[in-house]
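Chain and residue survey
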Amino acid sequence: ADRMHNTRMITEAIMGARDDIAYTWNVDDPNVLKIHLRGLDIFTRVTRRFSSAGGDEVPAGLTSLETSELFEQVFDKGLGNPKVKASRLITKWKWRGAEETPEGQPQIIATQVLNNYLTPMSSSDQSSMDQLAFTNLSDPASVFKYKMGFFKVG
């Protein structure tokens, strides 16, 4: 998957098309994404990943996949200490073949839950940033839920 393209599309869906955001992503280092927005640099790094196919909750005719990513984000305005945020994104994908998809219904449905955690370290302590441990995090500080439908075009 192209993390830069996906992030840009989600950002545009939320904020509208923008020409003041620059994205940097390398297919050879897919866990790192850099975003520059009006003097704010955002560095995102996936630190752990898990996926599982199938499951008992999937209705007949549907195929499913669940993915989970743990990642850290560093927000740097160039003034003072950068801010660090830890997050976990869980995505549950369900899809069916074109023949099984009713007219006007999405062929793929994705439900995402984004949990954001407060990090217990000073972002000026580089050794702490390098050892960001998700196992020590408690309840999320914020939770966002999204549901997306994907339709086949043409």
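Residues numbered from 1 in each chain as written. Predicted model: local features only at pLDDT ≥ 70, side-chain atom pairs only at ≥ 80, totals over all residues. Heavy atoms only, no water.

**A few points about the overall build of the protein chain**
The helix and strand inventory of the protein chain stands at two helices and seven strands. Of the regular secondary structure in the protein chain, the N- to C-terminal order runs α-β-β-β-β-β-β-α-β. Expressed as a percentage of the 154 residues in the protein chain, the buried residues total 29%. Sequence-distant contacts in the protein chain: of pairs separated by 6 or more residues, those separated by 24 or more amount to 51%. Of the roughly 10400 Å² of accessible surface on the protein chain, 53% is carried by carbon and sulfur atoms. (Helix = DSSP H or I, 4+ residues; strand = E, 2+ residues; numbered from the N terminus. Buried < 20%, exposed > 50% of the residue type's maximum accessible area, 1.4 Å probe, protein only. Contact = heavy atoms within 4.5 Å. Areas by Shrake-Rupley, 256 points an atom, 1.4 Å probe, with all protein chains shown as cover.)

**Here's the deal with the pattern of salt bridges**
Scanning the model with the defined rule gives five salt bridges in all. A salt bridge links Arg3 to Glu69, with the shortest nitrogen-to-oxygen separation between them at 2.9 Å. Taken as a pair, Arg3 in helix H1 (residues 3-15) and Glu69 in strand S4 (residues 63-76) lie far apart in primary sequence, 66 residues in all. When the shortest N-O distance is used, the salt bridge between Arg18 and Asp20 registers 2.8 Å. Arg18 gets classed as partly exposed once you look at its relative accessible area, which sits at 25%. Three or more residues are tied together by salt bridges with common partners; here these are Arg3, Arg49 and Glu69. (Salt bridge = Lys/Arg side-chain N within 4 Å of Asp/Glu carboxyl O.)

**Some remarks on a nonpolar patch on the surface**
Where nonpolar side chains cluster on the molecular surface, the patch consists of Ile10, Ile14, Met15, Phe144 and Tyr146 and spans about 470 Å² of accessible area. No other element matches H1, which puts three residues into the nonpolar patch. Tracing the chain through its elements places Ile10 in helix H1. For Ile10, a relative accessible area of 39% corresponds to the partly exposed category. (Patch = residues over 30% accessible without salt bridge, like charges linked within 9 Å, V, L, I, M, F, W, Y side chains within 5 Å.)

**Some points on the confidence of the model for the protein chain**
Averaged over every residue, the pLDDT of the protein chain is 81; the share at 70 or more is 82%. Here residues 125-135 is modelled with pLDDT under 50, and outside its nearest four sequence neighbours on either side it reaches 18 contacts, counting other chains as well. (pLDDT = per-residue confidence, 0-100.)

**A few points about unusual backbone geometry**
Trans is the common state for peptide bonds, and a negative phi is the common state for residues other than glycine. Although it is not a glycine, Arg38 adopts a positive phi angle of roughly 45 degrees. Within the element layout of this structure, Arg38 appears in the loop between strand S2 (29-37) and strand S3 (40-53).

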